[in-house]
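# Inside the fold
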Amino acid sequence: MKVVVCTKQTPSTTAVFTVRAGGSVSWDDPGGKPNVVNPWDEYAIEEAIRLTEKQGGTAVALTLGTEASQEALKTALAMGCHEAILVSDGAFEGADSLGTARVLAAAIRKVGGVDVAFFGKQAIDGDTGQTTVQVARQLGWTPLTFVSAIQAIDPAAGTITVARLLEEGKQIVTARLPVVISVVKEINEPRYPSFMGIRKANRAVIPTWTAADLGLNSSGSKVDWSNVFALPARESKVEMIEADSVEEQARILVDRLFEEKVI
Amino acid sequence: MSGVWVWMEQRQGAISTISREAISAGRNLAASLGSPLTALVFGHNVGDVAAAAFGLGADAVIGCDDETLADFRVEAYGPLMAQLAGQRQPQVILAGASTRGRDLMAWAAADLDAGLVSDGIGLGVEGQTVMVTRPVYAGKLLAKVYVKDGPQCLSVRGRAFPAAEPTGATGNVEWVTAVVAESDLPTKVIGFESSEGTVSLTDAKIIVSGGRGVGGPEGFGPVAELANVLGGALGASRATVDAGWIPYEHQVGQTGKTVSPDLYIACGISGAIQHQAGMRTSKVIVAINKDVDAPIFKLANYGIVGDLFKVVPALTAEFRRRLGK
């Protein structure tokens, strides 16, 4: 079977952000790796690889981004994806979720013969969690979001059964292929890239598809995202509760919490 | 284009808390825009729920009662909302950013070719445009975001707005028919494994969380007991979930749930930046940690430096006494 996994390069989870006057955002990382594969996407990459290991076929990693996003694709290759494609064009800059979905759907169509497209549940930069459904709509495929387990898949019959993690429990759903799936962390434990995988990924030449390759003019965007600002600092200063016994500390703290009206 | 629509999520005949929050946010938007507020209620056997939406502030209610809508399936709900909105051209469509609300708004916006902004924590109006304040970069920054033209599809994050309380107002629901037949739906819901009975983290007013300091699976015992006495939800740090001490559904933080309770009690949690991203908008934060230099104390309103296995049971006993439990 043929599986696509859409992944994105995002700031690392430990990145520290600076907003300059004028609203431009930059970030750095104390660990020295400011950009990583979107952490939620690691589970999608792992699931795509596992599915092709079980069913045979190829797993193709797809990223919409700048040239620098090749790093995310190299990670996907090093983990075990068979192919990687970068979708990159100035015409796609500033895309909203629907614009992004249009571009990714066009790329998935161009890959061709895809049974399942995987996404992470959301990206940790925009944090919208909307792209999966919108890609599915562009393709006319069925979206299956927040998937915590693929319980069964039968490519010959064209069916899939998954568990979806909702607020109050797990919904078990069957659907017809092809589908667009977003996965949650519970689905698997992502592997580390192997030494051989890293060597292979470093040698790989990753093709770039442009707007012209996909037959698109631009992604389009109906949403203005330009006004980004820093969080107001938490106003509180910590009051350390000190006393001769823990019972006394507990009594003082409980008094404070009743005064705060949060109990 | 005119009018504000709010999708009212219901589960087994009860309107979810996040939808009561969404409709109160919608009420204010409708007032600022000078537009009527319409509630959408979809499901099966939802006559009472639909009628109740008047009491929560709706000027009009559009209901759809059909067997295909009994379980939430975006393939059934999405085309219905998109068709209604395509015909009647509302200016704003709003939903709570639950798993269902997120999927539904994404579907509707795609089919309407509309701009979509999720996870609003603040809403304002400039002219006829809704300005949405939302967290970005996992809550490390904020952005003021708006839809430039056309219908404005928006979702609001849980506990960011007060929930509407019933007023007793009544009205007549306009009933419409479903748009997709069962035979044309590509999915079947074949089961549900409920985790009901536990308090949902995203809805909880009080959360008590355990971190590495609990030392192992059994260390969550006293933390869970405190949560229980307070009627709160049990949270956990990533380290404890990765170690297999507690299931993932309890994880708070950047790769877990983002929460915003009135009271967050962090027990044995150092407060890594990823954890902070998930809980820093809590109203009051209490930190209990052995290490006086733990970063969580910089975020906390109240701190106790000490052994959580002594402090937490003492707190539980004190709350029991005060609350008469």
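Residues numbered from 1 in each chain as written. Chains lettered and ligands numbered in written order. Predicted model: local features only at pLDDT ≥ 70, side-chain atom pairs only at ≥ 80, totals over all residues.

## Here we look at the overall build of chain B
Here is the rule: Secondary structure elements are taken from DSSP: a helix is a run of H or I of four residues or more, a strand is a run of E of two residues or more, and numbering for both begins at the N terminus. As a reference, a globule follows 2.2 Å times the number of residues to the power 0.38, and the radius of gyration itself is taken over C-alpha atoms. Two residues qualify as being in contact provided that their C-beta atoms, derived from the backbone, are within 7 Å of each other.
A tally of helices and strands in chain B yields 9 helices and 18 strands. Against the compact-globule benchmark of 20 Å for 325 residues, chain B has a radius of gyration of 21 Å, which places it among compact chains. For the C-alpha atoms alone, the extent of chain B along its principal axes is close to 60 × 45 × 40 Å. Across chain B, contacts joining residues at least 24 apart in sequence account for 65% of those joining residues at least 6 apart.

## Looking at the nonpolar core
Filter applied, for reference: Linking buried Ala, Val, Leu, Ile, Met, Phe, Trp, Tyr and Cys residues through C-beta atoms within 7 Å yields a set, and such a set is a nonpolar core. Partly exposed residues are those whose C-beta has more than 12 but fewer than 20 other C-beta atoms within 10 Å; 20 or more makes a residue buried and 12 or fewer makes it exposed, with C-beta atoms placed from the backbone.
Of all hydrophobic cores here, the largest spans 140 residues; its most connected members are Val5 and Cys81 of chain A together with Leu94 and Ala108 of chain B. Those residues within four positions of Val5 of chain A in sequence are excluded, and the remaining contacts are Ala44, Ile45, Ala48, Ala59, Ala61, Ala76, Cys81 and Phe118 of chain A.

## Description of unusual backbone geometry
Following Leu177 of chain A, the chain continues into Pro178 of chain A via a peptide bond in cis, with omega recorded as -5°. Along the chain, Pro178 of chain A turns up in the loop between β11 (169-176) and β12 (179-183). With a phi angle near 60°, Asn45 of chain B is a residue other than glycine that sits in the positive phi range. When you line up the elements, Asn45 of chain B lands in the loop between β4 (37-43) and α2 (47-55). Positive phi values are uncommon outside glycine, yet Asp113 of chain B reaches one of about 50°. With respect to the element layout, Asp113 of chain B can be found in the loop between α4 (99-112) and β7 (115-120).

## A few points about the sheet that holds strand β10 (residues 159-166) of chain A
Quick reminder of the rule: What makes two strands pair is DSSP finding at least two bridges between them.
What the 10 strands build is an open sheet, ordered β13(A)-β7(A)-β6(A)-β1(A)-β8(A)-β12(A)-β9(A)-β10(A)-β11(A)-β13(B); its pairing is mixed. Every interior strand has two partners, whereas the edge strands, β13 (208-209) of chain A together with β13 (187-194) of chain B, have only one.

## Some thoughts on the sheet that holds strand β15 (residues 239-240) of chain A
The test is simple: For helices, the axis comes from a line fit to the C-alpha atoms of the stretch in contact; other axes are also lines fit to C-alpha atoms, and the angle between any two N-to-C directions lies between 0 and 180 degrees.
Read across the open sheet, the 6 strands follow the order β15(A)-β18(B)-β17(B)-β16(B)-β14(B)-β15(B); overall the sheet is parallel. The strands lining the two open edges of the sheet, one partner per strand, are β15 of chain A together with β15 (233-236) of chain B. In this fold helix α7 (residues 246-259) of chain A packs onto β16 (263-267), β17 (284-289) and β18 (302-305) of chain B, with an angle of close to 170° to the strand it touches most, β18 of chain B. The strands that helix α9 (residues 308-323) of chain B touches are β16, β17 and β18 of chain B; relative to β17 of chain B, the one it contacts most, it runs at about 135°.

## Quick word on the interface of chain B and chain A
For clarity, the cut-off: Classification convention: Asp, Glu, Lys, Arg as charged; Ala, Val, Leu, Ile, Met, Phe, Trp, Tyr, Cys, Pro as nonpolar; all other residues, Gly among them, as polar.
The interface of chain B with chain A comprises 73 residues on the first partner and 66 residues on the second. When its residues are assigned to classes, the side of chain B that touches chain A shows 37 nonpolar, 17 polar and 19 charged.

## Examining the pairing of strand β1 (residues 4-7) of chain B
Residues and elements named next belong to chain B. Burial of the side chains of β1 extends over both faces: Val4 and Val6 are buried on one face and Trp5 and Trp7 on the other. Here β1 pairs with β4 via 4 bridges, running parallel. Paired with Trp7 across the two strands is Leu40, which belongs to β4. The pairing of β1 with strand β6 (residues 92-96) spans 3 bridges and is classified as parallel. Paired with Trp5 across the strands is Ile93, a residue of β6.

## Let's talk about the confidence of the model for chain B
Stated precisely, the cut-off is as follows: pLDDT expresses how confident the predictor is about each individual residue, on a scale running from 0 to 100.
Residues with a pLDDT of 70 or more make up 99% of chain B, whose mean pLDDT is 95. With pTM at 0.93, the complex prediction returns an ipTM value of 0.95.

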